[in-house]
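Listed here are the chains, written in short residue letters.
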Amino acid sequence: MSKILILYSTTDGHTITICRYIANALPKHHAISIIPLREANAEQLHQADKILIGASIRYGKHQPEVKQFVEQHLALLQAKPAAFFSVNVVARKPHRNTVQTNPYTRKFLNSITWQPNLAGVFAGRLDYARYSFWDRRIIRFIMWLGKGLTPIDTPVEFTDWQVVAQFAEQFEQL
């Protein structure tokens, strides 16, 4: 039985939803742990046979903890089959939904030494009711600028779960 460690850094919770989906899509013969990135330690990385890191974007950037974690544990990440995915609303657009075409994911991967064995990008979710007063207004303005105005009273999920399932299959093959 292989041990898979799934780590996440999420802003509003959708990244963990994607992590759980991936875990459920993997064959049951794996022992899977899903934990917040900030709670992970070197011992857990050592014990894992495969590692997956998922991170969300807010205002064009991943949380600083993601890059710090990758830099701190670079040797372990390079020594094992490891993958990374990014979650952002920009990926809802067909010309921004791959690692090569998503500016945030590409910028992040270019800023770190680690090059994961597999990388992906998934469209996220908007839920204005969960955001603070200022985040609600700023995100709505950003959506308006990008011609992606969405209703403020209903959550909108842009995630293509078929793409997530394909990523899970590719991850399992690492």
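Quick note: structure is the one above.
The rules behind these values
Residues numbered from 1 in each chain as written. Predicted model: local features only at pLDDT ≥ 70, side-chain atom pairs only at ≥ 80, totals over all residues. Heavy atoms only, no water. Salt bridge = Lys/Arg side-chain N within 4 Å of Asp/Glu carboxyl O. Helix = DSSP H or I, 4+ residues; strand = E, 2+ residues; numbered from the N terminus. Buried < 20%, exposed > 50% of the residue type's maximum accessible area, 1.4 Å probe, protein only. Axes fitted to C-alpha atoms, helices over the stretch in contact; angles between N-to-C directions. Parallel < 35°, antiparallel > 145°, perpendicular 65-115°, else oblique. Left-handed = near helix turned anticlockwise from the far one by under 90°. Contact = heavy atoms within 4.5 Å. Lys, Arg positive; Asp, Glu negative; His and termini not counted. Polar contact = N/O pair within 3.5 Å; in protein donor to acceptor, adjacent residues only side chain to side chain. Patch = residues over 30% accessible without salt bridge, like charges linked within 9 Å, V, L, I, M, F, W, Y side chains within 5 Å. Areas by Shrake-Rupley, 256 points an atom, 1.4 Å probe, with all protein chains shown as cover. Phe/Tyr/Trp six-rings, centres within 6.5 Å; stacked < 30°, edge-to-face > 60°.

Caption draft 1: Representation of the pattern of salt bridges in the model. Going through the model one piece at a time under the given rule, you end up with four salt bridges. Where Arg38 meets Glu65, a salt bridge forms, and the shortest distance between an N and an O atom there is 3.8 Å. In this pair, Arg38 is assigned in the loop between strand 2 (31-36) and helix 2 (42-47) and Glu65 in helix 3 (residues 64-72), connecting sequence segments 27 residues apart. Taking relative accessible area as the criterion, Arg38 reaches 59% and is therefore assigned exposed. With a relative accessible area of 18%, Glu65 lands in the buried category. Here Glu157 and Arg125 are joined by a salt bridge, their closest N and O atoms 4.0 Å apart. Separated by 32 residues along the polypeptide, Glu157 in strand 8 (residues 156-157) and Arg125 in strand 7 (residues 125-126) bring together distant segments of the chain. Of the residues examined, Arg125 reaches a relative accessible area of 30% and is grouped as partly exposed. Residues joined in a network through salt bridges with shared partners are Arg125, Asp127 and Glu157.

Caption draft 2: The arrangement of the packing of helix 1 (residues 14-25) against helix 7 (residues 161-173) in detail. Between helix 1 and helix 7, whose axes approach to 9 Å, the crossing angle comes to 55°. Here helix 1 is positioned oblique relative to helix 7, judged by the angle of their axes. Crossing of helix 1 against helix 7: the hand is right-handed. Listed contacts from helix 7 to His14, Thr17, Ile18, Tyr21, Ile22 and Ala25 of helix 1 are Trp161, Val164, Ala165, Phe167 and Ala168.

Caption draft 3: Molecular detail of the environment of Ala75. Among the structural elements, Ala75 can be located in helix 4 (residues 74-79). Ala75 gets classed as exposed once you look at its relative accessible area, which sits at 60%. As a C-alpha pair, Ala75 and Asp153 span 78 residues in sequence and 45 Å in three-dimensional space.

Caption draft 4: Examining the side chain of Lys80 more closely. Mapped onto the secondary structure, Lys80 falls in the loop between helix 4 and strand 5 (82-88). Within the buried set, Lys80 has no salt-bridge partner at all; the shortest N-O distance to an opposite charge, 5.6 Å, is to Asp49. Within the structure, Lys80 has its side chain in polar contact with the backbone oxygen of Leu45 (distance 3.2 Å). From its side chain, Lys80 meets the backbone oxygen of Ala48 in a polar contact 2.4 Å long. Not counting chain neighbours up to four residues away, the residues in contact with Lys80 comprise Leu45, His46, Gln47, Ala48, Asp49, Ile51 and Asn117.

Caption draft 5: A nonpolar patch on the surface, seen in detail. On the surface, a cluster of nonpolar side chains totalling about 890 Å² of accessible area is made up of Tyr59, Phe133, Trp134, Ile138, Phe141, Ile142, Trp144 and Leu145. With respect to the helices, strands and loops of the structure, Leu145 is situated in helix 6 (residues 133-145).

Caption draft 6: Representation of the packing of aromatic side chains in the model. Scanning the entire structure with this criterion turns up six aromatic pairs. For the ring pair Tyr21 and Trp161, a centre distance of 4.7 Å and an interplane angle of 40° mean the geometry is tilted. Of this pair, Tyr21 sits in helix 1 while Trp161 sits in helix 7; the two residues are 140 residues apart in sequence, bridging distant segments of the chain. Measuring from ring centre to ring centre gives 5.2 Å for Phe85 and Phe122, while their planes differ by 50°; the resulting arrangement is tilted.

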